[in-house]
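As a plain string of letters, each chain reads:
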Amino acid sequence: MPTFLTSEADLVALYGTPKPASTVKVARHLTPEYRAWIEAAPFCALATVGPEGTDCSPRGDDGAVVQIVGDTTLALPDRRGNDRLDTLRNIIRDPRLSLMFLVPGSATVIRINGTGRIAADPETLARFAVQGAEPRSVLFIEIREVYFQCARAVLRAGLWTGQDAPDLPSPGEILSTMSEGEVGGPAYDAAWPARAAKTMW
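On a predicted model such as this, the values are computed, not experimentally measured, just so you know.

Participant: Teacher, can you tell me more about the sheet that holds strand S2 (residues 53-60) here?
Facilitator: Strand pairing in a sheet relies on backbone hydrogen bonds. The paired strands run either parallel or antiparallel. Judged by pairing direction, the sheet is antiparallel, and its seven strands sit side by side in the order S2-S1-S5-S6-S7-S4-S3 without closing on themselves. In this open sheet, the two edge strands, each paired with only one partner strand, are S2 and strand S3 (67-70). Adjacent strand axes in the sheet meet at a mean angle of 35° when their direction is disregarded. The pairing of S3 with strand S4 (residues 73-77) spans three bridges and is antiparallel. The residue of S4 that forms the bridge with Gln67 is Ala75. Relative to the sheet, helix H4 (residues 86-93) contacts strand S1 (43-50), S2, strand S5 (96-102), strand S6 (109-119) and strand S7 (138-149), its axis offset from that of S2 by approximately 120°.

Here it is, written out as structure tokens:
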């Protein structure tokens, strides 16, 4: 049976204190360097917390996944998804959030910690329309911290080494199992490319 750590003192005793490079990289706003990374990132993971627990949601776009509104503000359009609203419900009740940005081909990960507010007024939605399709809402993010993560995790994972996709269960197979055959299956997988192309935005 594992022996679990139970205090911050346990953690410090095990890991020690952060080296200067781990703390000096933290900014309270977008520096030119961090701005360049954010503008190049088509994908991020958005983590939130609420009364029921935590949520982490993938977000991606054709081009930059967020738009920079100012040195401390980002805008993230809510494109088509599964309408579960886990992330948005959490933000309404607890605005704290974190984002991790990935740029294909790079092992560097950019992290932002901050707070969010959701807008859905017609003028805002029109600003973020793509191919005539407006997002359902736009998440405005106030930056409290921005910094880069250690690249080792991406390097260990070999995300960008060009290896063949692993043989994993397809979405249709997962849906079929979870719903005891009521949803999903081969027909779902076969129809997905056309459906995705039609409802991408």
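Let us keep going from here.
Participant: Teacher, can you tell me more about helix H8 (residues 186-198) here?
Facilitator: Given 3.6 residues per helical turn, the α-helix brings residues three or four places apart onto the same face. For H8, which comprises 13 residues, the first-to-last C-alpha distance of 19 Å matches the rise-based estimate of 18 Å (1.5 Å per residue) to within 8%. At Trp192, H8 shows its largest kink, close to 45°, and the proline Pro193 lies no more than four residues downstream. With one of its 13 residues buried, H8 lies for the most part at the surface.

Participant: Could you clarify how one ought to interpret the packing of aromatic side chains in this entry?
Facilitator: Aromatic rings in a pair are described by how distant their centres are and how their planes are angled relative to each other. Inspection of every chain in the model, using the stated rule, returns zero aromatic pairs. Directly above the ring of Phe148 sits Lys25, whose terminal nitrogen or CZ lies 4.6 Å from the centroid. The cationic tip of Arg195 hangs over the ring face of Tyr188; the distance from NZ or CZ to the ring centre is 4.5 Å.

Participant: Explain the nonpolar core to me, please; I cannot follow it from the model alone.
Facilitator: Within soluble globular proteins, side chains that are nonpolar generally end up buried alongside one another. By size, the foremost hydrophobic cluster in this structure holds 23 residues, and its most contacted members are Ile38, Leu74, Leu76, Leu99, Phe101, Ile112 and Val146. Elements with a contribution of two residues or more to this core: helix H3 (32-40), S1, S4, S5, S6 and S7. No other element matches S7, which puts five residues into this core. Among all residues touching Leu74, those that are not within four sequence positions of it are Leu30, Ile38, Val66, Gln67, Ile68, Val69, Phe101, Ile112, Leu139, Phe140, Ile141 and Ile143.

Participant: So what exactly am I meant to see when it comes to unusual backbone geometry here?
Facilitator: Peptide bonds are mostly trans, and most non-glycine residues show a negative phi. One non-glycine residue, Asp83, lies in positive phi territory at about 60°. Relative to the elements of secondary structure, Asp83 occurs in the loop between S4 and H4. Using a relative accessible area of 54% as the deciding quantity, one classes Asp83 as exposed. The phi angle at Leu85 is positive, at roughly 70°, despite the residue not being glycine. With relative accessibility at 39%, the residue Leu85 sits in the partly exposed group.

Participant: For this particular structure, what's the right way to read the side chain of Arg79?
Facilitator: Along the chain, Arg79 falls in the loop between S4 and H4. Separated by 2.7 Å, the side chain of Arg79 and the backbone oxygen of Phe128 make a polar contact. In contact with Arg79, not counting residues within four places along its chain, are Asp61, Phe128, Val130, Ala133, Pro135 and Trp201.

Participant: Explain H4 to me, please; I cannot follow it from the model alone.
Facilitator: Along H4, the positions that sit buried rather than exposed are Thr87, Leu88, Asn90 and Ile91. Projected onto a plane normal to the axis of H4, the buried residues spread over an arc of 160° and lie on a single side.

Participant: It is not clear to me how a nonpolar patch on the surface should be interpreted in this structure. Could you clarify?
Facilitator: Together, Leu5, Leu11, Leu14 and Tyr15 make up a nonpolar patch on the protein surface, roughly 460 Å² of accessible area in all. Classification of Tyr15 as exposed rests on a relative accessible area of 66%.

Procedures and definitions
- Residues numbered from 1 in each chain as written.
- Predicted model: local features only at pLDDT ≥ 70, side-chain atom pairs only at ≥ 80, totals over all residues.
- Heavy atoms only, no water.
- Pairing = 2+ DSSP bridges.
- Helix = DSSP H or I, 4+ residues; strand = E, 2+ residues; numbered from the N terminus.
- Axes fitted to C-alpha atoms, helices over the stretch in contact; angles between N-to-C directions.
- Contact = heavy atoms within 4.5 Å.
- Expected span 1.5 Å × (residues − 1).
- Bend = angle between axes of the 7 residues up to and from the residue.
- Buried < 20%, exposed > 50% of the residue type's maximum accessible area, 1.4 Å probe, protein only.
- Phe/Tyr/Trp six-rings, centres within 6.5 Å; stacked < 30°, edge-to-face > 60°.
- Lys NZ or Arg CZ within 6 Å of the ring centre and 35° of its normal.
- Core = buried A, V, L, I, M, F, W, Y, C linked by side-chain atoms within 4.5 Å.
- Polar contact = N/O pair within 3.5 Å; in protein donor to acceptor, adjacent residues only side chain to side chain.
- Arc of directions from axis to C-beta.
- Patch = residues over 30% accessible without salt bridge, like charges linked within 9 Å, V, L, I, M, F, W, Y side chains within 5 Å.
- Areas by Shrake-Rupley, 256 points an atom, 1.4 Å probe, with all protein chains shown as cover.
- Salt bridge = Lys/Arg side-chain N within 4 Å of Asp/Glu carboxyl O.

Remember that the coordinates give geometry; whether it matters functionally is a separate question.
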